[in-house]
Amino acid sequence: MYVRRSAAVLAAVTVIGVATPAAQAATPSPSASLPAGLYGTTDPTYDGVWRQSLALIAQDTVGVKPAAEAVDWLTGQQCANGAFAPFRADTAKDCDAKTPVDTNSTAAAVQALAALGGQDAATGKAVTWLKSVQNKDGGWGYLPGGASDANSTSVVVGALTAVGEKPADVVKGGMSPYDALMSFALPCGGTGGGAFAFQPDKKGRLAANADATAAAVVGALGKTLTGAAPKPTADALTCKDATDLKQASRNGAAYLVKALAKDKHLMSTLPGAKDQPDYGNTADAVLALSTAGHGDKAADAMRWLGAHSEQWAKQAGPAAYAQLILAADAASFDVRDFDGTGDDLVKRLNATGPAPESVPAVKSPTASEEQQKADAADDNGAGVWWIVGVGLVAGIGVGFLLSGRNKGRRK
């Protein structure tokens, strides 16, 4: 995927009339100078606010205080009505009916600014705008007025949660965003049973979509883009008829486990895309499973990302590093030693934008801790976990894996 943009974004590109493929959209504009404070070096036309928001969210999650100019860049993108477009090159010009504001950019910005704090006026206006464009089925589409989809509805649920709203109480026509998410859930049995669809097709049929499922599992639990870190649950992940969102989310998690079982990663599902791994969606699946209390079942996928995502992340930039940080953090992997060779995801993310105001000190392991790692590796197959993993103590459940997850974490 184009960094992390959901199918909603790509659909909206067509609606807006932009024919440029997403992969090409990431190519830097030869004549454009990138604005100060922005993360990444690629053309921000389609993802500026999204990638900035994810970068700030990821930094805050691991205790990094972003640069003031990075926060100012994001707040400066907001329209007077509270909405955000993917990118406004000229913020001195007022937004008008032609400004391509969207729910995903707006909801992501809300989550970032709410996490950082001190931005109540901006987040308040943005949430008011989001409520004003809620559909009668309780959900949201990428563009205001567009058909609701699982991804957009879920990211808005995260925005509502981030500012202390109860998504179940945000209704339109008597329907809440949770009602909309339930309408995207596939019944058990048959192809894709338990998954979520992006949205119904023209005939009202639902097709399983791994990206939408990962988003909806988190959204159905009322969580933000950071997911959550609940105690691991021993609940069996089997698909059962869902009469409530909790079971629908569990069904979605069961689908993701099956989808990851063969290759430990998801494959691209974009129309016309080559048959290739989808790193972003795999990271989303890890975060979703961890949020659902089944991070142990996402560990293999996280280790696969540690071994294979480096080139993708370098090309995709800040949002990719942010995704990996959020997934690793949710799954209790060490974001400072992602692949077992000292790969510091936080350092890589920070390098894509203005220098942060502060970064938590990294504690160097003691000789005793290094010996414990070596002993654990030897006890579990000649150190295989340290060769292909991300520096975890082998054989211990996900709730007890070594990581810097709780250091500097926002409560």
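Residues numbered from 1 in each chain as written. Predicted model: local features only at pLDDT ≥ 70, side-chain atom pairs only at ≥ 80, totals over all residues. Heavy atoms only, no water.

(A) Main features of the state of the cysteines. Scanning all chains against the criterion turns up two disulfides. The disulfide bridge from Cys79 ends at Cys95, spanning 2.0 Å between sulfur atoms. What sets the handedness of the Cys79 and Cys95 disulfide is the S-S torsion sign, and at about -80° it is left-handed. Here Cys79, found in the loop between helix H4 (68-76) and helix H5 (103-116), pairs with Cys95, found in the loop between H4 and H5; they are 16 residues apart in sequence, far enough to count as distant. Across the disulfide, Cys188 is cross-linked to Cys239 (sulfur-sulfur distance 2.0 Å). Residues Cys188 and Cys239 are joined by a disulfide whose S-S torsion is about -90°; by sign, that bridge is left-handed. You can see Cys188 sitting in the loop between helix H8 (177-183) and helix H9 (210-220) and its partner Cys239 sitting in the loop between H9 and helix H10 (245-261), a full 51 residues away along the chain. (Disulfide = S-S within 2.5 Å. Helix = DSSP H or I, 4+ residues; strand = E, 2+ residues; numbered from the N terminus.)

(B) Highlighting the side chain of Asn151. Tracing the chain through its elements places Asn151 in helix H7 (residues 150-162). Classification of Asn151 by relative accessible area gives buried; the value is 4%. At 3.2 Å, the side chain of Asn151 and the side chain of Asp211 are in polar contact. (Buried < 20%, exposed > 50% of the residue type's maximum accessible area, 1.4 Å probe, protein only. Polar contact = N/O pair within 3.5 Å; in protein donor to acceptor, adjacent residues only side chain to side chain.)

(C) Molecular detail of empty space enclosed by the protein. Enumeration according to the criterion identifies two cavities of 30 Å³ or more in this entry. Computed from the structure, the second largest cavity encloses a volume of approximately 50 Å³. Forming the boundary of the second largest cavity are Gly306, Ser309, Glu310, Ala313, Tyr321, Phe338, Asp343, Leu345 and Arg348. (1 Å grid on protein atoms, 1.4 Å probe; cavity = no way out; pocket = protein on both sides within 12 Å on 5 of 7 lines; lining within 4 Å. Points joined across faces, edges and corners; volume = space filled by probe spheres on them.)

(D) Up close: the pattern of salt bridges. By the definition in use, this model includes eleven salt bridges. A salt bridge links Lys314 to Glu310, with the nearest nitrogen and oxygen atoms 3.3 Å apart. On the criterion of helical spacing, the pair formed by Lys314 and Glu310 is a turn pair, its members being four residues apart in helix H13 (residues 310-316). Across the pair Asp344 and Arg336 runs a salt bridge whose closest N-O atoms are separated by 3.1 Å. Taken together, the shared-partner salt bridges in this structure form one network comprising Glu310, Lys314, Asp343 and Arg348. (Salt bridge = Lys/Arg side-chain N within 4 Å of Asp/Glu carboxyl O.)

(E) Spatial organisation of the environment of Gly189. The topology assignment puts Gly189 in the loop between H8 and H9. Residue class for Gly189 comes out exposed when judged on its relative accessible area of 54%. Spatially, the C-alpha atom of Gly189 lies 9.6 Å from that of Asp241, the residues being 52 residues apart in sequence.

(F) Representation of the environment of Leu116. Following the sequence through the fold, Leu116 ends up in helix H5. Along the backbone, Leu116 and Lys65 are 51 residues apart, and their C-alpha atoms lie at a distance of 8.3 Å.

(G) The arrangement of the packing of aromatic side chains in detail. In the structure shown here, the tally under the stated rule is three aromatic pairs. Judged by centre distance (6.3 Å) and plane angle (10°), the ring pair of Trp73 and Phe87 falls under stacked. Pair noted here: Trp73 is in helix H4 and Phe87 is in the loop between H4 and H5, with a separation of 14 residues, a long-range link. Under the relative-accessibility criterion, Trp73 is labelled buried at 8%. Judged by centre distance (5.5 Å) and plane angle (20°), the ring pair of Tyr279 and Trp312 falls under stacked. A residue pair is termed long-range when its members are at least 10 positions apart, and Tyr279 in helix H11 (residues 279-291) and Trp312 in helix H13 qualify at 33 residues. Across the pair, exposure class does not vary: Tyr279 and Trp312 are buried alike. Ring pairs connect the aromatic residues Tyr279, Trp304 and Trp312, which therefore count as one cluster. (Phe/Tyr/Trp six-rings, centres within 6.5 Å; stacked < 30°, edge-to-face > 60°.)

(H) Just unusual backbone geometry, in detail. Backbone geometry at Lys264 places phi at a positive 70°, although glycine is not the residue there. Tracing the backbone shows Lys264 in the loop between H10 and H11. Taking relative accessible area as the criterion, Lys264 reaches 31% and is therefore assigned partly exposed. Within the chain, Ser332 stands out as a residue other than glycine whose phi angle is a positive 65°. One can find Ser332 in the loop between helix H14 (318-330) and helix H15 (345-350).

(I) Structural detail: the nonpolar core. Counting residues in hydrophobic clusters, the biggest one holds 85 residues, and the most contacted among them are Leu74, Leu256, Val286, Met302, Leu305, Leu324 and Ile325. With ten residues, H14 is the largest single contributor of residues to this core. In contact with Ile325, not counting residues within four places along its chain, are Ala58, Val62, Val335, Leu345, Val346 and Leu349. With 14 residues, the next largest nonpolar core counts Tyr178, Leu181, Phe184 and Ala248 among its residues. (Core = buried A, V, L, I, M, F, W, Y, C linked by side-chain atoms within 4.5 Å. Contact = heavy atoms within 4.5 Å.)

(J) Spotlight on the packing of H4 against H5. Where H4 contacts H5, the axes come no closer than 11 Å and their chain directions differ by 140°. On the basis of the axis angle, H4 is oblique to H5. Crossing handedness for the pair H4 and H5: left-handed. Taken together, the residues of H5 that come into contact with H4 (itself represented by Val71, Leu74 and Thr75) are Ala109, Ala112, Leu113 and Leu116. (Axes fitted to C-alpha atoms, helices over the stretch in contact; angles between N-to-C directions. Parallel < 35°, antiparallel > 145°, perpendicular 65-115°, else oblique. Left-handed = near helix turned anticlockwise from the far one by under 90°.)

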